[in-house]
Amino acid sequence: GVVAVQLENNTPDSHTETNFDEVGVVRIDTSGHVTDVIRYSAANAEDEEGVGISELASGGDVVAALIQDDIIIVRANGAPIARIPIPLNTEVGELAVCSGKVAFTPTSMGSEGDKVFIFDTATSTLSAMKAPHAYSSVMCSDTRLAWGQLEEPNFITTHVSKWK
């Protein structure tokens, strides 16, 4: 099956909105049956303008979504694993999920970061790997983690490491 973002808006101009009345992540199995994995309503949000999902990643039976200011990590059946709050004035450009691990690079608004964070779903631990000038991109495989690094003058290189 696949996971997908589901957006619901009750406003007439919904095709121009980036925040919605309700957002969700659904699992669609091979028969076409749709099951909720994550459901998040504007009633739960601090922002009165609605809610949005800015990133979604999955691998194996782990699904991670950046909803508002939290990374929500669940099993593909919807069982909760973790909620990681993102600090104020911090952005997360991409999420990556491989081998039961969720990787992301938080950056200060308008600049690069200095770490790649890794949440291990098997141990429920969050660790950080030094990554000077880390930029928003993060990718992974079963044995490797890669991230973009902002170099001078204004170009990005990709750095690769074994999972820690």
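These numbers were taken from a predicted model, which means no experiment stands behind them.

## Observations concerning the overall build of the protein chain
Then, number 1: Looking only at helices and strands, the protein chain has zero helices and 13 strands in total.
Then, number 2: Looking at the 164 residues of the protein chain, the share that counts as buried comes to 39%.
Then, number 3: The contacts in the protein chain between residues at least 6 apart in sequence include a share of 32% that link residues at least 24 apart.
Then, number 4: As displayed, the protein chain offers around 9,100 Å² of accessible surface, 48% of which is attributable to carbon and sulfur atoms.

## Quick notes on the environment of Cys 140
Then, number 1: For Cys 140, the position within the fold is in strand β11 (residues 125-140).
Then, number 2: According to the relative accessible area criterion, Cys 140 is partly exposed, its value standing at 23%.
Then, number 3: Here the alpha-carbon distance between Cys 140 and Ala 96, two residues 44 residues apart in the chain, equals 6.3 Å.
Then, number 4: What Cys 140 contacts, discounting residues up to four positions off in sequence, is Ala 96, Val 97, Cys 98, Leu 145 and Trp 163.

## What to know about the nonpolar core
Then, number 1: The biggest cluster of nonpolar side chains holds 15 residues, and the ones touching the most others in it are Ile 71, Ile 73, Val 92, Leu 95 and Val 102.
Then, number 2: Secondary structure elements with two or more residues in this core: β5 (62-67), β6 (70-75), β7 (80-85), β8 (90-98) and β9 (101-108).
Then, number 3: Core analysis: the next-biggest nonpolar cluster, separate from the first, contains 12 residues, Ile 118, Ala 131, Ala 134 and Val 138 among them.

## What to know about the confidence of the model for the protein chain
Then, number 1: Averaged over the protein chain, the pLDDT score is 80; the fraction of residues at 70 or greater is 78%.
Then, number 2: Within the protein chain, the element-level pLDDT minimum falls on strand β1 (residues 2-8), averaging 68, and the maximum on β7, averaging 93.

## Structural notes on the packing of aromatic side chains
Then, number 1: Applying the stated criterion across every chain yields a total of one aromatic pair.
Then, number 2: Ring centres of Phe 104 and Phe 117 lie 5.7 Å apart, and the angle between their planes is 15°; on these two criteria the pair is classed as stacked. Here Phe 104, found in strand β9, pairs with Phe 117, found in strand β10 (residues 113-120); they are 13 residues apart in sequence, far enough to count as distant.
Then, number 3: Phe 117 sits in the partly exposed class, given a relative accessible area of 22%.

## Considerations on the pattern of salt bridges
Then, number 1: Taken as a whole, this structure holds three salt bridges when the rule is applied.
Then, number 2: With a shortest N-O distance of 3.2 Å, Arg 75 and Asp 61 are connected by a salt bridge. One end of the pair, Arg 75, is in strand β6; the other, Asp 61, is in the loop between β4 (53-59) and β5, with 14 residues separating them in the sequence.
Then, number 3: Take Asp 61: its relative accessible area is 41%, and that puts it in the partly exposed class.
Then, number 4: With its nearest N and O atoms 3.1 Å apart, the salt bridge here joins Asp 70 to Arg 83. One end of the pair, Asp 70, is in strand β6; the other, Arg 83, is in strand β7, and 13 residues separate them in sequence.

## Section: the pairing of β7
Then, number 1: Taken together, the five bridges between β6 and β7 define a ladder with antiparallel strand orientation. Across the sheet, Ile 73 pairs through a bridge with Ala 82, a residue of β7.

## Topic: unusual backbone geometry
Then, number 1: One non-glycine residue with positive phi stands out, namely Ser 99, at about 55°.
Then, number 2: Examined against the element boundaries, Ser 99 turns out to sit in the loop between β8 and β9.
Then, number 3: Judged by relative accessible area, which is 39%, Ser 99 ranks as partly exposed.
Then, number 4: Even without being glycine, His 133 reaches a positive phi, approximately 65°.

How each quantity is defined
Residues numbered from 1 in each chain as written. Predicted model: local features only at pLDDT ≥ 70, side-chain atom pairs only at ≥ 80, totals over all residues. Heavy atoms only, no water. Helix = DSSP H or I, 4+ residues; strand = E, 2+ residues; numbered from the N terminus. Buried < 20%, exposed > 50% of the residue type's maximum accessible area, 1.4 Å probe, protein only. Contact = heavy atoms within 4.5 Å. Areas by Shrake-Rupley, 256 points an atom, 1.4 Å probe, with all protein chains shown as cover. Core = buried A, V, L, I, M, F, W, Y, C linked by side-chain atoms within 4.5 Å. pLDDT = per-residue confidence, 0-100. Phe/Tyr/Trp six-rings, centres within 6.5 Å; stacked < 30°, edge-to-face > 60°. Salt bridge = Lys/Arg side-chain N within 4 Å of Asp/Glu carboxyl O. Pairing = 2+ DSSP bridges.

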